[in-house]
Protein chains: 2
Amino acid sequence: MKRPANASRGIQDVLRAQNISGQSLSECPVRQVLDQIGDKWSTLMLLSLSEKPYRFGELRRLIPDISQRMLTQTLRDLQRNGLILRTVFPTQPPSVEYRLTPLGESLLEPLGTLVRWAETHYGRIQSARRHFDGKADAA
Amino acid sequence: MKRPANASRGIQDVLRAQNISGQSLSECPVRQVLDQIGDKWSTLMLLSLSEKPYRFGELRRLIPDISQRMLTQTLRDLQRNGLILRTVFPTQPPSVEYRLTPLGESLLEPLGTLVRWAETHYGRIQSARRHFDGKADAA
DNA sequence: CAGAATCCATACAGATACTG
DNA sequence: CAGTATCTGTATGGATTCTG
C-alpha cells in the first residue's frame, strides 16, 4: 500500500530533534522555512524565477495582482534568506535583475513535491469543504 | 549534478496550468494548500498527529505554547479541509479524538520533503541572513 | 525604472472568562 | 474535558504619493 511509514518516521525524528515540547518554536528551522514560503507571494515569486531571471517591472507585469509594496518586500525577504540574488545594473534608468541562488533552486524540488500534491488532491479538499460547510449549515 | 531540471519543468507546467497571469489566484490549488499549511500551527498539528491520534487536551499539553483558541481553530480548519477526522466519544466528561485521514496522511510525504530541506539548508539561510543584516547595518 | 514612505483596513492570534 | 465568546494588540497587506 501507500502507507508513508518512512516519511512518518523521518518526521517524528525531526519532531524530536526540534524538541517540540520545548520553547524553541520561533527558532525552529521548519518554522522559519514555512514562514517564508507560507506568505502570500513568496512561492509564486520563486516559481516565476525558476523559469528565468526577471527584472522588477517584469515581475510586476507577470503577477499583476501583487502590489508594488508587497513585491519589494517579498523580494527583499527572499534575498535576505539567500534564496534569490539581486543585481543592480548601473544603467540609466537603473535596472535590477532578480534570479534564484543555488539555495533557491534547491528549494524548487520540495516545493514541486508540494505543488504536485496540491494538484492531485485538490478535488478531495474541495469536496471535504463542501461536506463540512453543508453540515455546518444544517446545524 | 543536482540541477532540478525535471522539478522545474513540472513547476512551469503547473504555473501555466494555473494561468498565473490570470485572476484565479484565490482559487489556485497551490495557494489553498499553502494557506493551510502556512499558518502558524497546522504543520505542527499534522506532524504531531502523524505519530498517533490524540485528544484535545493531549494536543494542548504536547504543544504547550499554543493557545486554546488557536488549537480549536486549527483543528477545525484541518477537519474542514478533510485532513483530520474528529470523533466525539459520548462519555462523561466528553472526550474528542483527532486523527489523520488518509488524505492527511498523504500530505505527510510532501511535508516531510519540506522538513528535510529545512533541516539540511538551515545553516545557509542563517548565514545569508547574518550577511544581509550586517550589510544593512553598515549602510 | 525601481523603489521608499505614509496611511489605513483587515486578518491573525493571544489572554481571559464562561459553558454543557 | 472540550470547547465558545469577547476583547484586544499586532502583523499583514493594499492604495497612494513621492524620489534618485
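Up top is the structure these notes are about.
Residues numbered from 1 in each chain as written. Chains lettered and ligands numbered in written order. Predicted model: local features only at pLDDT ≥ 70, side-chain atom pairs only at ≥ 80, totals over all residues. Heavy atoms only, no water.

1. Details of the sheet that holds strand E2 (residues 84–89) of chain B
All names here are of chain B. Pairing in this open sheet of three strands is antiparallel, and the strands run E1-E3-E2 from one edge to the other. Whereas interior strands pair on both sides, the edge strands pair on one side only; in this sheet they are strand E1 (54–55) and E2. The pairing of E2 with strand E3 (residues 95–100) spans six bridges and is antiparallel. The partner of Ile-84 across the bridge, within E3, is Leu-100. Each of E1, E2 and E3 touches helix H3 (residues 42–51); the most contacted strand, E3, lies at about 95 degrees to it. (Pairing = 2+ DSSP bridges. Helix = DSSP H or I, 4+ residues; strand = E, 2+ residues; numbered from the N terminus. Contact = heavy atoms within 4.5 Å. Axes fitted to C-alpha atoms, helices over the stretch in contact; angles between N-to-C directions.)

2. A few points about the nonpolar core
Nonpolar side chains in soluble globular proteins generally cluster together in the buried interior. Counting residues in hydrophobic clusters, the biggest one holds 64 residues, and the most contacted among them are Met-45 of chain A together with Met-45 of chain B. Among all residues touching Met-45 of chain B, those that are not within four sequence positions of it are Leu-59, Ile-63, Ile-66, Leu-71, Thr-74, Leu-75 and Leu-78 of chain B. (Core = buried A, V, L, I, M, F, W, Y, C linked by side-chain atoms within 4.5 Å. Buried < 20%, exposed > 50% of the residue type's maximum accessible area, 1.4 Å probe, protein only.)

3. Section: the sheet that holds strand E2 (residues 84–89) of chain A
Residue and element names in this part refer to chain A. The strand order across the open sheet formed by three strands is E1-E3-E2, and the pairing between neighbours is antiparallel. A strand with exactly one partner marks an edge of an open sheet, and here the two such strands are strand E1 (54–55) and E2. Packing of helix H3 (residues 42–51) onto the sheet brings it into contact with E1, E2 and strand E3 (95–100), and relative to E3 it is tilted by some 95 degrees.

4. Examining the protein's contact with DNA strand D
By nearness alone, 19 residues border DNA strand D, and Arg-69 and Met-70 of chain A together with Gln-68, Arg-86 and Tyr-98 of chain B come closest of all. Sugar plus phosphate, as a fraction of atoms of DNA strand D within 4 Å of the protein: 55%. A distance of 2.7 Å separates a base oxygen of DNA strand D from a polar atom in the side chain of Arg-69 of chain A. Within the backbone of Gly-57 of chain B, one N or O atom sits 2.8 Å away from a phosphate oxygen of DNA strand D. Mapped by element, the contributors of at least two residues to the surface near DNA strand D are helix H5 (68–80) of chain A together with helix H4 (56–62), helix H5 (68–80) and E3 of chain B. A total of four residues in the surface near DNA strand D trace back to one element, the largest contributor, which is H5 of chain B. Its residues assigned to classes, the surface near DNA strand D shows eight nonpolar, five polar and six charged. (Near = heavy atom within 4 Å. Polar contact = N/O pair within 3.5 Å; in protein donor to acceptor, adjacent residues only side chain to side chain. Nonpolar A, V, L, I, M, F, W, Y, C, P; charged D, E, K, R; others polar.)

5. Comments concerning the packing of H3 of chain A against H5 of chain A
Residue and element names in this part refer to chain A. Between H3 and H5, whose axes approach to 10 Å, the crossing angle comes to 75 degrees. Overall, the two elements H3 and H5 adopt an arrangement that is roughly perpendicular. On the side of H3, the interface is formed by Ser-42, Met-45 and Leu-46, while H5 contributes Leu-71, Thr-74, Leu-75 and Leu-78. (Parallel < 35°, antiparallel > 145°, perpendicular 65-115°, else oblique.)

6. A look at the pairing of E3 of chain A
Residues and elements named next belong to chain A. With respect to burial, E3 is a largely interior element, five of its six residues being buried. Taken together, the two bridges between E1 and E3 define a ladder with antiparallel strand orientation. Each bridged residue has a counterpart across the sheet, and for Arg-55 the counterpart in E3 is Glu-97. If you look at the hairpin formed by E2 and E3, you'll find five residues sitting between the two strands.

7. With respect to helix H2 (residues 29–37) of chain B
Summarising burial for H2 of chain B: eight of the nine residues are buried, a large majority. Within H2 of chain B the residues assigned to the buried category are Pro-29, Val-30, Arg-31, Gln-32, Val-33, Leu-34, Gln-36 and Ile-37 of chain B.

8. Things to note about the side chain of Arg-129 of chain B
Examined against the element boundaries, Arg-129 of chain B turns out to sit in helix H6 (residues 102–138). Nearest to the buried, unbridged Arg-129 of chain B among oppositely charged side chains is Asp-133 of chain B, at 6.7 Å. A polar atom in the side chain of Arg-129 of chain B sits 2.3 Å from the side chain of Gln-32 of chain A. In contact with Arg-129 of chain B, not counting residues within four places along its chain, are Gln-32, Arg-80 and Asn-81 of chain A. (Lys, Arg positive; Asp, Glu negative; His and termini not counted. Salt bridge = Lys/Arg side-chain N within 4 Å of Asp/Glu carboxyl O.)

9. A few points about the protein's contact with DNA strand C
Neighbouring DNA strand C are 20 residues, the closest being Gly-57, Gln-68, Arg-86 and Tyr-98 of chain A together with Met-70 of chain B. In DNA strand C, the atoms that sit within 4 Å of the protein are 50% sugar and phosphate, with bases accounting for the remainder. With respect to DNA strand C, the side chain of Arg-86 of chain A contributes an N or O atom lying 2.3 Å from a phosphate oxygen. Side-chain polar atom of Lys-40 of chain B to a phosphate oxygen of DNA strand C: 2.9 Å apart, as the coordinates give it.

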